[in-house]
Amino acid sequence: MIKLDYRFAVKEIIRKNGLGKTEMDAVLKKARTVLKELAKQRAAGGLGFANALSDREMLRKTAELARHFEGRIENVVALGIGGSALGARTLAKALLPEPLAQNPALEKRPRLLVCDNIDPDWLKDIFKIAFSGPSLFLVISKSGATAETGSQLLFLINKLKQVYGEGWKDRLVAVTDPEKGILRKFVNQHHLKSLPVPAQVGGRYSVLTPVGLLPAGLLGIDLEQLMRGAIEMDEMSFKLSKDFGPAELLAAIYFQFAGKGRKILVMMPYSNKLSDFSEWFAQLWAESLGKKYSLAGRPVRAGSTPVRALGATDQHSQMQLYLEGPEDKLVTFLKLDKFSEPLAIPAAPAGLEELSWLTGHSMAELINVELFATSASLAREGRPSLTISIPKLDAYHLGQLFYLFELATVIAGGLWKINPFDQPGVELGKQYTYSLMGRKGFEEKKKELEQFQKKGGQYCWPK
Ligand code: PA5
């Protein structure tokens, strides 16, 4: 089981900036009330991301489809963005060798290429690799209407038809809403292979549905272990035992510190392989909690700003600011107890004797010593941090980690009294894009934009 150490968040240890016992008890009590409400929703089948864990049929179908392509592809190319991409990216980054160290032609396992942007220069390179060997393309979109994924899909189908003619259909698998949306209609019309995103699960909570599971299965990641980790975290959290669980603790601590002005939440794994986990968490936390209105319609301006950092690298970049800059941050360190290879540091050759204090240790030891040294130096400055220890980087512990942060985010939503499952703010930008791209029905929005377009010139350099 993963472990949460919050000693550097409490007053007793970091003095004035820490959380005192009374306020900690009070906020945990509120978190427990939220969790009890969520338990009712879960029992009634109304908590999508939690209920999806028990869908064995979904898991079976996903594994079966992944097996169908075993040994037949070198690349899995996923078209998708936001919640439709970050889970798969995180899993591949954490559990597979670095792409540069992979040789899919020799290994049985394909590599993952994720198209989660529309930068044409970058996409061109990805498609070049994708079409230079046997690839399976996944289009992953719950709504089916996302501009970025849609434009890539149009581009891809055109290219697939050029290269494979009628055989294009065998190269493409869709993951989308079970019934609604243009992508589902397209799948039905062309009899494409597909898997559903459970209707009640939104993008950023969907890593443990076919959205993350299909790419993971195609890459040979152990889906059973991934789900087992998540299920154990779910069951343990919803036991509502006397001791508070890690999801309640995380939500309560993040929420309480945000209320005390620590509105920047730094996620800092001391593991390159977990760097995409920070990306996944940043989306989950930001899009779920950054809200203008409470559920009751009152202005709240909820949320705190997730920042991605990487240990030990950012000790030589961001850490100076975290130690001595504004008192507005709370750092979460992710620590791997065991690396697959510790990499022993050998004896120093003549001329490098001054480095011999490192000899006899390992890189694994050094990186974890640096983590503790950094958290302790923050504590000395009265700056709070938490450390989550992961016994070993495998599918099982990643399942725990994903679910822990999903549940913590939803509990934090309850503390802020907002809806953590919608994202109303980003709609306007989408509508402006539609209007500028000439989509019918959005002409009014184009007019709205004129005010910004006209007045801009005088504030530009050069004029
Ligand atoms: O979390 C979310 O709901 C979003 O980030 C979506 O995942 C993202 O906008 C992509 O949406 P879709 O899967 O409909 O293409």
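Residues numbered from 1 in each chain as written. Predicted model: local features only at pLDDT ≥ 70, side-chain atom pairs only at ≥ 80, totals over all residues. Heavy atoms only, no water.

### Some remarks on the pattern of salt bridges
Pairing is possible between side chains that carry opposite charge, provided their charged atoms lie close to one another.
Stage number 1. Scanning the model with the defined rule gives 25 salt bridges in all.
Stage number 2. A salt bridge links Lys260 to Glu23; the nearest nitrogen and oxygen atoms lie 3.0 Å apart. Taken as a pair, Lys260 in the loop between α11 (246-259) and β7 (264-269) and Glu23 in helix α2 (residues 21-43) lie far apart in primary sequence, 237 residues in all.
Stage number 3. The partly exposed category is assigned to Lys260, whose relative accessible area is 40%. (Salt bridge = Lys/Arg side-chain N within 4 Å of Asp/Glu carboxyl O. Helix = DSSP H or I, 4+ residues; strand = E, 2+ residues; numbered from the N terminus. Buried < 20%, exposed > 50% of the residue type's maximum accessible area, 1.4 Å probe, protein only.)

### Thoughts on the domain arrangement of the protein chain
Stage number 1. When the domains of the protein chain are assigned, the result is domain 1 (3-40 + 228-416) and domain 2 (49-222).
Stage number 2. Taking the mean C-alpha position of each, domain 1 and domain 2 sit 30 Å from one another.
Stage number 3. With 25 residues of domain 1 at the interface, the matching set in domain 2 holds 23 residues.
Stage number 4. Here domain 1 meets domain 2 over a buried area of about 2100 Å², counting both sides, of which 65% is carbon and sulfur.
Stage number 5. Between domain 1 and domain 2 we count two salt bridges in total. (Domains from an automatic or database assignment. Contact = heavy atoms within 4.5 Å. Buried area = accessible area lost by both parts, 1.4 Å probe.)

### Concerning the sheet that holds strand β1 (residues 3-5)
Stage number 1. Within the open sheet, the five strands sit side by side as β1-β10-β9-β7-β8. Their pairing is mixed. Looking along the sheet, the strands with just one partner apiece sit at the ends: β1 and β8 (305-308). If you compare each strand with its neighbour and ignore which way they point, the axes differ by 20° on average.
Stage number 2. Strands in contact with helix α14 (residues 363-380) are β9 (329-338) and β10 (385-392); relative to β9, the strand with the most contacts, it is inclined by about 155°. (Pairing = 2+ DSSP bridges. Axes fitted to C-alpha atoms, helices over the stretch in contact; angles between N-to-C directions.)

### Here's the deal with the sheet that holds strand β3 (residues 111-115)
Working definition: the strands of a sheet are paired by backbone hydrogen bonds and lie parallel or antiparallel to each other.
Stage number 1. Strand order across the open sheet formed by five strands is β3-β2-β4-β5-β6, with parallel pairing between neighbours. Of all strands in the sheet, those with a lone pairing partner are β3 and β6 (193-196), marking the two edges. Taking each pair of neighbouring strands and ignoring which way they run, the sheet shows an average axis angle of 20°.
Stage number 2. Two elements, strand β5 (residues 172-176) and β6, share four bridges in a ladder whose sense is parallel. Within the sheet, the bridge partner assigned to Val173 lies in β6 and is Lys193.
Stage number 3. Packing against the sheet, helix α9 (residues 210-218) makes contact with β2 (75-79), β3, β4 (135-140), β5 and β6, and its axis sits at approximately 170° to β4.

### Points about the side chain of Arg204
Stage number 1. Mapped onto the elements of the fold, Arg204 is located in the loop between β6 and α9.
Stage number 2. Given the relative accessible area of 6%, Arg204 is considered buried.
Stage number 3. Side-chain polar atoms of Arg204 contact the side chain of Ser288, separated by 2.8 Å.
Stage number 4. Residues in contact with Arg204, not counting those within four places in the same chain, are Gly83, Trp280, Gln283, Leu284, Glu287, Ser288, Lys291, Glu406, Pro420, Phe421, Asp422 and Gln423. (Polar contact = N/O pair within 3.5 Å; in protein donor to acceptor, adjacent residues only side chain to side chain.)

### Side note on the nonpolar core
Stage number 1. In this structure, Tyr254 and Phe405 are the most contacted members of the largest nonpolar core, which totals 100 residues.
Stage number 2. Those residues in contact with Tyr254, other than ones at most four positions away along the chain, are Leu265, Met267, Phe281, Trp285, Leu330, Thr332, Leu386 and Phe405.
Stage number 3. Ranked by size, the runner-up nonpolar core spans 22 residues in total, among them Phe131, Leu153, Leu172 and Ala174. (Core = buried A, V, L, I, M, F, W, Y, C linked by side-chain atoms within 4.5 Å.)

### Describing the site of the ligand
Stage number 1. Around the ligand lies a shell of 13 residues, among which Ser84, Ser141, Ser143, Thr146 and Gln283 are the nearest.
Stage number 2. Within the side chain of Ser143, one N or O atom sits 2.6 Å away from an oxygen atom of the ligand.
Stage number 3. Arg204 places a main-chain nitrogen or oxygen 2.9 Å from an oxygen atom of the ligand.
Stage number 4. Within the complex, 87% of the 380 Å² of free accessible area of the ligand lies under protein.
Stage number 5. Split by residue class, the shell around the ligand holds one nonpolar, nine polar and three charged. (Near = heavy atom within 4 Å. Areas by Shrake-Rupley, 256 points an atom, 1.4 Å probe, with all protein chains shown as cover. Nonpolar A, V, L, I, M, F, W, Y, C, P; charged D, E, K, R; others polar.)

### Some remarks on α14
Stage number 1. A rise of 1.5 Å per residue sets the reference length of α14, with its 18 residues, at 26 Å; its end C-alpha atoms lie 25 Å apart and thus fit the reference within 8%.
Stage number 2. Those residues of α14 lying buried are Ala364, Ile367, Asn368, Leu371, Thr374, Ser375, Leu378 and Ala379. End-on, the buried residues of α14 take up no more than an arc of 140°, which puts them together on one face.
Stage number 3. Each element contacted by the buried residues of α14 is listed here: α1 (11-14), α13 (319-324), β9 and β10.
Stage number 4. One or two steps after α14, the chain reaches Gly382, where phi turns positive at roughly 75°. (Expected span 1.5 Å × (residues − 1). Arc of directions from axis to C-beta.)

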